[in-house]
Amino acid sequence: MKNVKSSSEKDDLELRPTTWNSYIGQERIKANLKIILEAAKKRNEVPDHLLFYGPPGLGKTTLANLIANETNSRIKMIAGPIIEKSGDIVAILTNLKQGDILFIDEIHRINHMIEEYLYSAMEDFKLNLILGKGPMAKTIDLKLPHFTLIGATTRLDLLTSPLRGRFGAIFQLNFYSEEEIQEIIKRSSLILKTKIDNKAILEVAKRSRFTPRIANKLLKRIRDFADVKGDGIITYEIAKKSLDFLEIDNLGLEKEDRKIISTIIKKFKGGPVGLQALASATNEEERAILDIYEPYLMQLGLIERTPKGRIVKDKAYKHLNLCPKNQSPLL
C-alpha cells in the first residue's frame, strides 16, 4: 500500500520555506547560519554541529531542512524518544554518508546512556564500541564519515552539559513579531491560492500566538470556513467568526490556556502554585504546560514563574473579567 499524504500534509510541505529569502523572521539566526555555512564551504568542511531551542512551532525543523537545501546535503530526521537502544543509535550513525545532516528532534529526551555514543561521534567522528562480555570483551573504534548533527529542543535545561558542549553553535528561536506573522500569512495565502483581505490578515496574526505554525494552521481552518460559509475569500467577518467558533480569543488564548489561568485564580487564589499541582488540577500533562502553554502566557505577561510557583498577573484577571485577589469587586 502506498504512503499517500493528506492534503493537509501536502499544504504543510508547500508552506515550509526552502530558501533564506522565503524564511521570514529570526534574522539574527539566519545571518549567523549563513556565515557558518559559507565558512565551512570555503574550507571544504562539513558545518559545525548546531542546536536550536525554543517553544514549538517557531521553525527549528524548517531551519534544519533549509540548511540541508543550502548545502545540497542529504538529511536524516529522527525524534529523540524513538532512539531506545544503543543498537538504534549505532545503526543511525553507521548509515550516514560524508556530508550528511542528522536532525534529532526533542534531543533532550534521548536516554543518557545512549547519548554517550554521540560524544565521540560528534567530536572525533568515530564510535567506541564494546564487543563481547566479561574477560573476552574488547573495545574497537569505528570510523564515521564527517556529518553535521542538528539538534532541536524545547527544553535546553534538560540537555546534559557534555552533550550541550559538543555543539559548535547554539541558537534560541524567539517568538515572532506581529508584523512578521502578517508577512507569513500573506506568503502562505498566496501558496494556498486563497484570497484574504488586509483586515483579516491583521485579525489572524493577532490571534496566532506569535508562532508561524499556528498562523498557518489557523489560515487553513479559516479557509475551510470561507469555502463553506462564504465565497472562498477570507474577509475580516469570516476570519473573526471562524476564530470565535474555534474559541480563540483576541489574545490568541485557547480554552486550555484560559483553563490554566482560571484554575490558578479559583483553586489556588492566584498562586503561587507548583507545576505538579497545576497539572493535576487542570488534567494537563506537565510537559504540555511547560512547552506549549506557559511560554506564551509568560510572553504576554499573564502569568509569572517564581521560585514558589506560578502566579497570575493583573493583566490576566482583567482579560478574564475577574477581580484580582485582595481587591474588592467594582460596584
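Summarised in this report is the structure supplied together with it. Please read all numbers here as calculations on a predicted model, not as lab measurements.

## A look at the sheet that holds strand S6 (residues 148-153)
Reasoning step 1: The five strands lie next to each other as S2-S3-S6-S1-S7, forming an open sheet whose pairing is parallel. Bordering the open sheet on either side are strand S2 (75-79) and strand S7 (169-172), each of which pairs with just one other strand. Between one strand axis and the next, the sheet turns through 15° on average, direction left out of account.
Reasoning step 2: Lying over the sheet, helix H2 (residues 27-43) contacts strand S1 (50-53) and S7, oriented at roughly 160° with respect to S7.

## Topic: the side chain of Thr282
Reasoning step 1: Of note, Thr282 is situated in helix H12 (residues 275-282).
Reasoning step 2: Within polar-contact distance, the side chain of Thr282 engages the backbone oxygen of Leu278 at 2.7 Å.
Reasoning step 3: Each residue touching Thr282, except ones within four places of it in the same chain, is listed here: Lys259, Ile260, Thr263 and Ile289.

## Observations concerning the layout of surface pockets
Reasoning step 1: A volume near 750 Å³ is recorded for the largest pocket.
Reasoning step 2: Together, 32 residues line the largest pocket, and Arg16, Gly57, Gly59, Thr62 and Arg213 are the ones closest to its centre.
Reasoning step 3: For the lining of the largest pocket, the secondary structure elements donating two or more residues are helix H1 (7-15), helix H3 (60-70), strand S3 (101-105), helix H7 (178-191), helix H9 (212-229) and helix H13 (286-299).
Reasoning step 4: The residue makeup of the lining of the largest pocket, split by class, is 13 nonpolar, eight polar and 11 charged.
Reasoning step 5: By volume, the second largest pocket amounts to about 400 Å³.
Reasoning step 6: Contributing to the lining of the second largest pocket are 19 residues, with Gly54, Pro55, Thr154, Gln172 and Pro295 lying nearest its centre.
Reasoning step 7: Broken down by element, the lining of the second largest pocket gets its largest block of residues, five residues, from H13.
Reasoning step 8: A per-class count over the lining of the second largest pocket returns 10 nonpolar, five polar and four charged.

## A look at the pairing of S7
Reasoning step 1: Burial along S7 is one-sided: Ala169 and Phe171 are buried, and none of Ile170 and Gln172, which face the opposite way, are.
Reasoning step 2: Here S1 pairs with S7 via four bridges, running parallel. Among the inter-strand pairings, Leu51 is bridged to a residue of S7, identified as Ile170.

## Focus on the pattern of salt bridges
Reasoning step 1: For the structure shown, the criterion picks out 20 salt bridges.
Reasoning step 2: Salt-bridge contacts for Asp141 lead to Lys126; the nearest nitrogen and oxygen are separated by 3.6 Å. Here Asp141, found in strand S5 (residues 138-143), pairs with Lys126, found in strand S4 (residues 126-131); they are 15 residues apart in sequence, far enough to count as distant.
Reasoning step 3: A relative accessible area of 26% places Lys126 in the partly exposed class.
Reasoning step 4: Overlapping salt bridges, with partners in common, bring together Glu203, Lys206, Arg207, Lys240 and Asp244 in one network.

## With respect to the environment of Thr18
Reasoning step 1: The residue Thr18 is located in the loop between H1 and H2 in this model.
Reasoning step 2: Looking at Thr18, the relative accessible area reads 46%, which means it is partly exposed.

## Let's talk about the packing of H2 against H3
Two numbers describe a pair of packed helices, the interaxial angle and the distance between the axes.
Reasoning step 1: Two numbers describe how H2 lies on H3: the axes approach to 12 Å, and their chain directions differ by 35°. Seen from above, H2 lies across H3 with right-handed handedness. For the pair H2 and H3, the contacting residues are Ile29, Leu33 and Leu37 in the first and Leu63, Ile67 and Glu70 in the second.
Reasoning step 2: Here the residues of the contact of H2 with H3 sort into five nonpolar, no polar and one charged.

## Notes on helix H4 (residues 86-94)
Think of an α-helix as 3.6 residues a turn; residues three or four steps apart then line up on the same face.
Reasoning step 1: Among the residues of H4, Ile89, Val90, Ile92 and Leu93 are the ones counted as buried. Buried residues of H4, seen end-on, are gathered within an arc of 165° and therefore sit on one face of the element.

Conventions adopted
Residues numbered from 1 in each chain as written. Predicted model: local features only at pLDDT ≥ 70, side-chain atom pairs only at ≥ 80, totals over all residues. Heavy atoms only, no water. Pairing = 2+ DSSP bridges. Helix = DSSP H or I, 4+ residues; strand = E, 2+ residues; numbered from the N terminus. Axes fitted to C-alpha atoms, helices over the stretch in contact; angles between N-to-C directions. Contact = heavy atoms within 4.5 Å. Polar contact = N/O pair within 3.5 Å; in protein donor to acceptor, adjacent residues only side chain to side chain. 1 Å grid on protein atoms, 1.4 Å probe; cavity = no way out; pocket = protein on both sides within 12 Å on 5 of 7 lines; lining within 4 Å. Points joined across faces, edges and corners; volume = space filled by probe spheres on them. Nonpolar A, V, L, I, M, F, W, Y, C, P; charged D, E, K, R; others polar. Buried < 20%, exposed > 50% of the residue type's maximum accessible area, 1.4 Å probe, protein only. Salt bridge = Lys/Arg side-chain N within 4 Å of Asp/Glu carboxyl O. Left-handed = near helix turned anticlockwise from the far one by under 90°. Arc of directions from axis to C-beta.

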